[in-house]
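A structural walkthrough
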Amino acid sequence: MEMIKTAAFNGCVAGLIICAAGTLISEEKFSSQIKLIFSAFFIMVTLSAFRGIDFENISVNEISMNEGYENIERKFDEEMEERIRKNTEYSLREKFHSLGLNFTEITADVQVESNGTVNLLSVSVCTDNPTAAEKILREELGENTEIIINP
């Protein structure tokens, strides 16, 4: 959720900068090149919030081209679920470490729907401080995610 907020904020700031710069540059001769540069700047700034996600290991090239579209889509969704689950677990482990909260295991249950929507269904944590863990997880994940805390 924090990455989405950061991406939206970065996009807004980049949009304001592009607007301001666009009004200062009135040269029609290079307008298409300037638009291209502004677009690249906007995309880079907006996507910078997602720089911690490891997209390199999403193995779309391993999928055979002879398979049907449904199989390709299903395999891609499974790979995305796995990557999002691992990144969520990593982020939560880092958060717990930074706050000095002891835990033995953190697991996340993620689902990618057919329309591409990603749902974080539940997070399970084994910790000796369940009150602090639940408070941190509620702040990070909101009210819609099921939190399971095991001692």
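Refer to the structure printed above.
Residues numbered from 1 in each chain as written. Predicted model: local features only at pLDDT ≥ 70, side-chain atom pairs only at ≥ 80, totals over all residues. Heavy atoms only, no water.

Side note on a nonpolar patch on the surface
For the record, the criterion: For patches, a residue must show more than 30% relative accessible area and have no salt bridge; joins then use 9 Å for like charges and 5 Å for nonpolar side chains, namely Val, Leu, Ile, Met, Phe, Trp and Tyr. The protein chains shown are the only cover counted for residues, whose accessible areas, like all others here, come from Shrake-Rupley with a 1.4 Å probe. Throughout this description, the term salt bridge denotes a Lys or Arg side-chain nitrogen within 4 Å of a carboxyl oxygen of Asp or Glu. Helix and strand assignments follow DSSP, with helices taken as H or I runs no shorter than four residues and strands as E runs no shorter than two, numbered in order from the N terminus. Each residue is assigned to one of three classes by its accessible area relative to the maximum for its type, calculated with a 1.4 Å probe on protein chains only: buried under 20%, partly exposed between the two thresholds, exposed over 50%.
Nonpolar side chains collect at one region of the surface, where Phe9, Val13 and Ile17 lie side by side and expose about 280 Å² of accessible area between them. Summarising the element assignment, Phe9 is placed in helix α1 (residues 2-24). According to the relative accessible area criterion, Phe9 is exposed, its value standing at 56%.

Focus: the pairing of strand β3 (residues 146-150)
Put simply, the rule is: Two strands are said to pair when DSSP picks up at least two bridges between them. Looking down the strands as they point away from the viewer, one classifies a crossover as right-handed if the path from the first strand across the helix to the second runs clockwise.
Pairing analysis gives five bridges linking strand β2 (residues 118-127) to β3, with the strands arranged parallel. When the sheet's bridge partners are listed, Val125 is paired in β3 with Ile149. With helix α4 (residues 130-141) bridging β2 and the parallel β3, this β-α-β connection has right-handed handedness.

What about the pattern of salt bridges?
Summed over the entire model, instances satisfying the criterion amount to five salt bridges. Note that Arg85 is salt-bridged to Glu82, the shortest N-O span being 2.5 Å. One end of the pair is Arg85 and the other is Glu82, both in helix α3 (residues 69-98) and three residues apart, which spans about a single turn. Relative accessible area serves as the criterion here: at 23%, Arg85 is assigned to the partly exposed category. Notably, a salt bridge pairs Glu82 with Lys86, separated by 3.7 Å at the nearest N-O pair. Residue Glu82 and its partner Lys86 are located together in helix α3, separated by four residues, close to a single helical turn. Salt bridges here are not isolated pairs; linked through shared partners, they connect Glu82, Arg85, Lys86 and Glu89.

So, the side chain of Thr145
For Thr145, the position within the fold is in the loop between α4 and β3. Take Thr145: its relative accessible area is 6%, and that puts it in the buried class.

From the geometry alone we can't say anything about function, so treat these as descriptive.
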